[in-house]
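Overview (structure and organization)
Next come the chains, spelled out residue by residue.
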Amino acid sequence: MGSLLIRGGRPLHGRLKVSGAKNAALPILAGTLLTPETTRIHNLPHLHDITTMMELLGCLGVGLTVDERLGIEVDGSSVTNVRAPYELVKTMRASILVLGPLLARFGEAEVSFPGGCAIGSRPVDLHLKGLEAMGADITIEEGYIKAKAPGGLRGADITLETVTVGGTENLLMAATLARGTTVLRNAAREPEVVDLAQFLIAMGAKISGQGSSTIEIEGVPALQGCDYTVMPDRIEAGTYLVAVAATGGKVRLEGVIPTHLAIVLDKLREAGADISIESDAIELDMTGRRPSAVAITTAPYPGFPTDMQAQFTALNTIAEGVGRVTETVFENRLIQTHEMNRMGADIQIEGNTAIVTGRPTLRGAPVMASDLRASASLVIAGLVASGETVVDRIYHIDRGYECIEEKLQSLGADIRRQTS
Ligand code: EPZ
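Quick summary incoming for the structure in this document. Owing to the predicted nature of the structure, the values given are computational and were not obtained by experimental measurement.

1. Concerning the packing of aromatic side chains
Tallied over the full model, the rule gives 2 aromatic pairs. Consider the rings of F199 and Y228, whose centres lie 5.7 Å apart with planes at 65 degrees: the pair is edge-to-face. Placement of F199 in helix α7 (residues 191-202) and of Y228 in strand β14 (residues 227-229) is noted, with a sequence separation of 29 residues between them. Exposure remark for F199: the relative accessible area of 0% places this residue in the buried category. With a centroid separation of 5.1 Å and 90 degrees between ring planes, the pair formed by F304 and F312 is classed as edge-to-face. Its guanidinium or amino end placed over the ring of Y144, R83 lies 3.8 Å from that ring's centre, counting from NZ or CZ.

Shown next as structure tokens:
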């Protein structure tokens, strides 16, 4: 089990290049299963989850060639197996995203039923209901989702009861090869969904409405190979902006799409940060200033992203005033607050809201990560705290943040990895 040792209290300064988006790369890699031709995907982040998805594709028989910059060439002609095994799915829930593509192209798929995780039960009922509406027969046997559509999938008019990113992505991919037209209503509008749609269109899919809550897909007989570059990671970018704001520093992020972070930038301005944006860059300056507390309520895009909630909770712990953070997307995503209180924060939980009374600073302490974004928020707390913080179980962090200690060291942080 690795851990990060952080000596906090230093303002962060410098510039960073943002990596490719994990949550766009994962569905796009799954989408390569939709064609027997070769696809080339560029700007993949060096993350454990990406490696796991590549391992899963390999296990399905796909030919993979990785180049020196972790660009990947996928040969979909050699798929020999439509079963995504428990051993891999248990390490990464996003494995469920191979269900739609396998079913659409091969008429059958078996995917281990993904378990819940620290932030919630994470059901996939809407994925399955949508596929059944498209003609799939689905049973759950020995912990596996077994889906069959021997005559292929057919287009359907589907209204999603809850806005679901993964559900929208699975059904979007399945619909590209269905007979007829599919309409997805109450669809997720996240930029990662749009990036997936653009990738599918590059393969020859007929899709319109991506980025709105109604997506229309006209099925085609087959998809072709293509070259595609994954969008920048808006959550990685937001995480570093909050870390610099919390430590009273200054940073320039490059290779980012500011419109993907509109509401996050508004909240950082509300906290007192000076922010300037260019077409593919964001500059934040909080030099010598203590942030003001902000109120956050998470919601599907374009609302405030749940994946940025923990980071802003950390910012509020040392802000001027009382901040309120309400989590509406997942049922158990305020867990990091207990670890922050061990660092001297003053956070009270009322239902799905954290009331955060800002303190001038935090005290370093040994803390334990529970999920990807909670881990990032504990790193931010450690960067702010006086003294030493050891964030344990950082395999959570390695799933979603490429080279986090190197990137923070380049901004002047005193942080290093230790194997314990
Ligand atoms: C994606 O998860 C992201 N993961 C998550 O990021 C992100 O937090 C989440 O979307 C919300 O934006 C990837 O893209 C790989 P959902 P996903 O389906 O698709 C309920 C990170 O930190 N729901 O949009 O699993 C569900 O319980 C990760 O990078 C159903 O009820 O999220 C939740 O309450 C964490 N039935 C809500 O919808 C379903 O069939 C939103 O979940 C599906 C979802």
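2. A few points about the nonpolar core
Formed by 78 residues in total, the largest nonpolar core has its most connected members in M134, L172 and L200. For this core, the element with the most residues is helix α1 (residues 22-31), which contributes 6 residues. Non-local contacts of M134, meaning those with residues more than four positions away in its chain, are made with L153, R154, A156, I158, L171, A174, A175, A178 and T182. By size, the runner-up hydrophobic cluster in this structure holds 65 residues, among which are A345, I394, Y401 and I404.

3. Things to note about the layout of surface pockets
Of the voids in this model, the second largest pocket is the one considered here, and its volume is about 210 Å³. What lines the second largest pocket is K17, V18, S19, G20, N43, L44, P45, H46, R69, E402 and K407.

4. As for α7
Helical periodicity: at 3.6 residues per turn, an α-helix aligns residues three or four positions apart in one direction. Spanning 12 residues, α7 covers 16 Å between terminal C-alpha atoms, matching the ideal 16 Å at 1.5 Å per step. Directly after α7, the chain includes G204, whose backbone phi takes a positive value near 105 degrees.

5. A look at the packing of helix α10 (residues 309-317) against helix α12 (residues 372-384)
The contact between α10 and α12 brings their axes to 8 Å, and the two run at 25 degrees. One way to sum up the angle between α10 and α12 is to call them roughly parallel. In this structure, α10 meets α12 at a crossing whose hand is right-handed. Across the interface between the two elements, A310, Q311 and A314 from α10 touch R373, A374, S377 and I380 from α12.

6. Overview of empty space enclosed by the protein
A full pass over the atoms with the stated rule returns 3 cavities of 30 Å³ or more. T239, Y240, A243, A376, V379, I380, I404 and L408 are the residues that line the largest cavity. Of all the secondary structure elements, the ones that give two or more residues to the lining of the largest cavity are α8 (234-246), α12 and α14 (404-410). Its volume calculated, the second largest cavity comes out at about 40 Å³. In this structure, the second largest cavity is lined by A21, K22, N23, E192, D233, I235 and R373.

7. Topic: the packing of helix α6 (residues 165-175) against α7
Relative orientation of the contacting elements α6 and α7 amounts to 10 degrees, with a least axis distance of 10 Å. By the angle between their directions, the pair α6 and α7 is classed as roughly parallel. Packed against α6, whose contacting residues are V165, T168, E169, L172 and M173, the element α7 presents E192, V193, L196, A197 and L200 at the interface. The residue inventory of the contact of α6 with α7, partitioned by class, reads 7 nonpolar, 1 polar and 2 charged.

Basis of the calculations
Residues numbered from 1 in each chain as written. Predicted model: local features only at pLDDT ≥ 70, side-chain atom pairs only at ≥ 80, totals over all residues. Heavy atoms only, no water. Phe/Tyr/Trp six-rings, centres within 6.5 Å; stacked < 30°, edge-to-face > 60°. Helix = DSSP H or I, 4+ residues; strand = E, 2+ residues; numbered from the N terminus. Buried < 20%, exposed > 50% of the residue type's maximum accessible area, 1.4 Å probe, protein only. Lys NZ or Arg CZ within 6 Å of the ring centre and 35° of its normal. Core = buried A, V, L, I, M, F, W, Y, C linked by side-chain atoms within 4.5 Å. Contact = heavy atoms within 4.5 Å. 1 Å grid on protein atoms, 1.4 Å probe; cavity = no way out; pocket = protein on both sides within 12 Å on 5 of 7 lines; lining within 4 Å. Points joined across faces, edges and corners; volume = space filled by probe spheres on them. Expected span 1.5 Å × (residues − 1). Axes fitted to C-alpha atoms, helices over the stretch in contact; angles between N-to-C directions. Parallel < 35°, antiparallel > 145°, perpendicular 65-115°, else oblique. Left-handed = near helix turned anticlockwise from the far one by under 90°. Nonpolar A, V, L, I, M, F, W, Y, C, P; charged D, E, K, R; others polar.

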